[in-house]
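Descriptive analysis of the structure
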Amino acid sequence: MSFAQSWDFTPGARVVADDLRQCSREYEWLEEPHVSPDGERVAMVAALEGPAFTMAVNGEAWETTFDKAWYPRFSPDGRLTVLVQADGDWTLAVDDVAWEEQYGYVWNTMFSASGDIIAACIQQDGEYGFSFDGTPWETLYENANQPVISKDGNAAAAVVQVKSLAQADVVTFQEGIFSVAVNGEAWDSIFVNCWNPVFDPAGKNVAATIRRSLYDYSVAVNGKAWTGSYACAWGPAFNPATGAVAAPVRKAGAWGMAIDDAMAWEPRFGQLWQQAFSPDGSKLAAIACTRFGEFTVAVDGAPWGATFPVVTDLTPSPAGARFAALASDHNTNFAVLCDGKVWDGRYDMAYAPVWSADGAHLALAVEKAGRQTIVVDGKAYPQSFDKCYAPAFSPDGKLVLIRALAGGKCHRIVAPVTAFTG
Amino acid sequence: MKTIADRLIEDEGLRRGVGRLTPEKIQKVFKELVAGECGARMKTYMETCVRCGMCAKACHYYMSHKDPSYTPVAKVSQTMWRLFDADGKVDPEVIYQCAQVAYTECNLCRRCIHYCPLGIDTGYIISVVRRLCHKLGVTPQYIQDTAHSHSATMNQMWVKDDEWPDTLQWQEEEAREEFPGLRIPLDVEGADFMYSVIAPEPKFRTQLIYQAAAIFHAAGVSWTMPATPGWDNSNMAMFTGDSEIMARVERAHYEAAQRLRVKRIVMGECGHAFRAVYDVANRWLGWKWHPVPVVHSVEFFWELIQQGRIKLTHKFAEPVTIHDPCNVIRGRGLMEKLREVVHFLCDNVVEMTPNREHNYCCCAGGGVINCGPPFKNVRIVGNSIKAEQLKATGVHWCIAPCHNCHGGLDDIISKFDLNMHTKFLGDLIYELMEKPE
Ligand code: SF4
Ligand code: SF4
Ligand code: SF4
């Protein structure tokens, strides 16, 4: 049984922590609350006298204290991680136990989809790479950027600098000093730039956007570059079913979608990015600018009818080949777009949409006049909170887990989809 | 009349770049650029200029060198007109000259628009010349290196991914000695605003981050900084003419703010960064306006003062003057707010003349200072008019809410022995504010 299946989905409301300021140790201050995915625990960095730092979880402080602690994150399987410094070295602590290995710096905690593997970027003696559950890459690089891990967490990739660069050495730079390293091993090919490496769902293949000269953008898959040359290109994505690679590319001043180096969507967009395949690979959607200042979502090249000044957070459903996104104007007046339809609600802020496993329902946290709540299929929960975390559906999609803060307490509510009536 | 050919300066980047060109290649790239990227605006400017020379007085280069080849119209006649006249088929050496004019003899400060009876924006024409030079690979070495840094790290100074949070944490620790409990909140989702700075701040001017954190702490505001790339709001790629990298950098900046679900972006005291975020790169990306509102420090400090969130222990007593940075004054109209902030902080303000939207540029902006040592002298001598303007105020303190302006003004101050010091608004607010226990 996976962690998500073990969650308590008994309908009803519970208070998980009834005083968010309470802590078993005397503290100077508590930082932002983070709530576990199952909503059972609320954790904060606690600054103690000293100064020293630790984590407070449901009011109980960890035993271990550190010189610094930041970036607390729960893994998808419910473990609490935090980046910590002790005696000048950095490492990552998981549920009050620090990794044995220490590094010059550690950051950007990442998890496999199930949460069983924890990885982070590391710097050791001025060299860069990854550490998996405490074990570093064998080869580290002069620099590593744009880190990414595979879904199963067994592989990581980053853009790496494979040649040294003297100050203001524009010649060497333009000859190429970057590549992509997968599990510490760099591709044979070297480019002027590499960006946005991405794994296929199986974690076996990696694609990235590249620049072969200052003007020649393209895509490389497992180190082999497309022959096509484009004026610009954004990050690629794999078709989960076929393994084909799609990337927005710019030609003659407009954006189109190239799939495996052939133009699949003619370049007629003012912008095209954040493309995403449905998990069955049957549909490809992307955020598209149809006219200057007018954005929407295009599915298989066909734009939805309604346009907005800004569209973000394109999210494919796990099943059913549906797509949702957020629209906004100047970062307010947020609306939810779902399969081309615009929900009625307008919000001051909206958070990333979450689908039920069967793709039948869509939920998200929204904010209006300083109060937050959860909206499911366009209808709001009849109670508002100071803060709502991302909602989650029960495996059968019938119930919604609300994790929220209000009145200095941490609330955990399980409500049927039918309870969202506002 | 002298021309650019009489004052060529050797630069490795320019020299190597023209070495790879032929007249045919230049023509091809020029024609593609005109057909693909220059619409009615360029055509109108090319056709309507009546060569009246009214713009001459606008340009600090001309006012300083008193050489007609430095006037705005002469910059255009030596570059774009020449290219149009030859249908783009020019000798590579001409491109060297175009590049030197475009990158090192024009700050894109847009003062000249105000003097042209037809409203011709020479700064725009010169940026198109830069775009051409970028496409031809003829860019000054030093600024090109910053564009390379932007492309690889999303910041201007090769700051690595760990160096950024590490530096902030170190500043936070230092500041806690003075302000117990102060935080530089990293990656806090849902904060009111994301504060972004330019890469020289974590690299050389960390006290500015310290001061900003102290001010925000005293004001009790909800803020955050991204822990990931996207934190640097500067954009030298905009100035080299590499629009694609400019856009990539700006996308990262806006996406950092969108990911953090902040209400808006507050930017540190930098003029060109504001231009990139507020005006140029957002539009290249297809947004008519901003996906997330952007507020320059001048305006943000003004708000904090209006709201009574900053209280002073005393005002700055010595006389000060105000330098109006082009990109936030001509570019955003913050002249009155800037004055209200300065008058709130200082008892004795001596205006330089001309001021506000007619202020002379510092001569560092538009990427000129970033072209580095080879061109430093022309830039400094090229702004004796600014030196005279500063000197005439008779004061020892000059407030300039722009990084590049500080660079440019400091150079002029030392060259012309002006016995002045430059200050950011943040310097003064930090110095004068009531500090929480
Ligand atoms: S430096 Fe300023 S005034 Fe001079 S030509 Fe350029 S934009 Fe015009
Ligand atoms: S003032 Fe305007 S019209 Fe007159 S020369 Fe200058 S740019 Fe041309
Ligand atoms: S550096 Fe300052 S004065 Fe100079 S162009 Fe930029 S904003 Fe204007």
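For chain B, an unreviewed UniProt entry supplies the name Fe-S oxidoreductase and the organism Solidesulfovibrio magneticus str. Maddingley MBC34.

Looking at an unreviewed UniProt entry, one finds chain A named WD40 repeat domain-containing protein, with Solidesulfovibrio magneticus str. Maddingley MBC34 as its source organism.

Quick notes on the site of ligand 3
Residue and element names in this part refer to chain B. As a structural note, the neighbourhood of ligand 3 is formed by His-323, Pro-325, Cys-326, Asn-327, Cys-361, Cys-362, Gly-365, Cys-402, Asn-404 and Cys-405. Looking at the shell around ligand 3, the elements that each hand over two or more residues are helix H17 (326-329) and helix H21 (403-415). Looking at side-chain class alone, the shell around ligand 3 contains six nonpolar, four polar and no charged residues.

Some thoughts on the site of ligand 1
Neighbouring ligand 1 are the residues Cys-59, His-60, Pro-72, Lys-75, Cys-106, Asn-107, Leu-108, Cys-109, Arg-110 and Cys-112 of chain B. Looking at the shell around ligand 1 residue by residue, the class counts come to six nonpolar, two polar and two charged.

Let's talk about the sheet that holds strand E9 (residues 89-94) of chain A
Strand order in this open sheet of four strands is E7-E8-E9-E10 (chain A), and the pairing throughout is antiparallel. Of all the strands in the sheet, the pair left with one neighbour each is strand E7 (68-74) and strand E10 (97-98) of chain A. Here E7 of chain A runs beside strand E8 (residues 80-86) of chain A; their pairing, made up of five bridges, is antiparallel. Bridged to Phe-74 of chain A within E8 of chain A is Leu-80 of chain A. Across the sheet, helix H10 (residues 163-178) of chain B touches E7 and E9 of chain A, and the angle it forms with E7 of chain A is around 130°.

Thoughts on the interface of chain A and chain B
It is common to give the size of an interface as the accessible area that goes away when the parts come together. Across the contact, 61 residues belong to chain A and 57 residues belong to chain B. Buried area between chain A and chain B, summed over both chains or domains, comes out near 5,000 Å², and the portion from carbon and sulfur atoms is 54%. At the boundary of chain A and chain B, one finds eight salt bridges. Two residues, Glu-173 of chain B and Lys-68 of chain A, come together in a salt bridge whose shortest N-O distance is 2.8 Å.

Section: H21 of chain B
Residues and elements named next belong to chain B. Here H21 contains 13 residues, and its C-alpha end-to-end distance of 19 Å stays within 8% of the 18 Å for a straight helix at 1.5 Å per residue. Turning to H21, its buried residues are His-403, Asn-404, Cys-405, His-406, Gly-407, Gly-408, Leu-409, Asp-411, Ile-412 and Ile-413. Of the residues one or two after H21, Asp-417 is the one with positive phi, at around 50°.

Cut-offs applied
- Residues numbered from 1 in each chain as written.
- Chains lettered and ligands numbered in written order.
- Predicted model: local features only at pLDDT ≥ 70, side-chain atom pairs only at ≥ 80, totals over all residues.
- Heavy atoms only, no water.
- Near = heavy atom within 4 Å.
- Helix = DSSP H or I, 4+ residues; strand = E, 2+ residues; numbered from the N terminus.
- Nonpolar A, V, L, I, M, F, W, Y, C, P; charged D, E, K, R; others polar.
- Pairing = 2+ DSSP bridges.
- Contact = heavy atoms within 4.5 Å.
- Axes fitted to C-alpha atoms, helices over the stretch in contact; angles between N-to-C directions.
- Buried area = accessible area lost by both parts, 1.4 Å probe.
- Salt bridge = Lys/Arg side-chain N within 4 Å of Asp/Glu carboxyl O.
- Expected span 1.5 Å × (residues − 1).
- Buried < 20%, exposed > 50% of the residue type's maximum accessible area, 1.4 Å probe, protein only.

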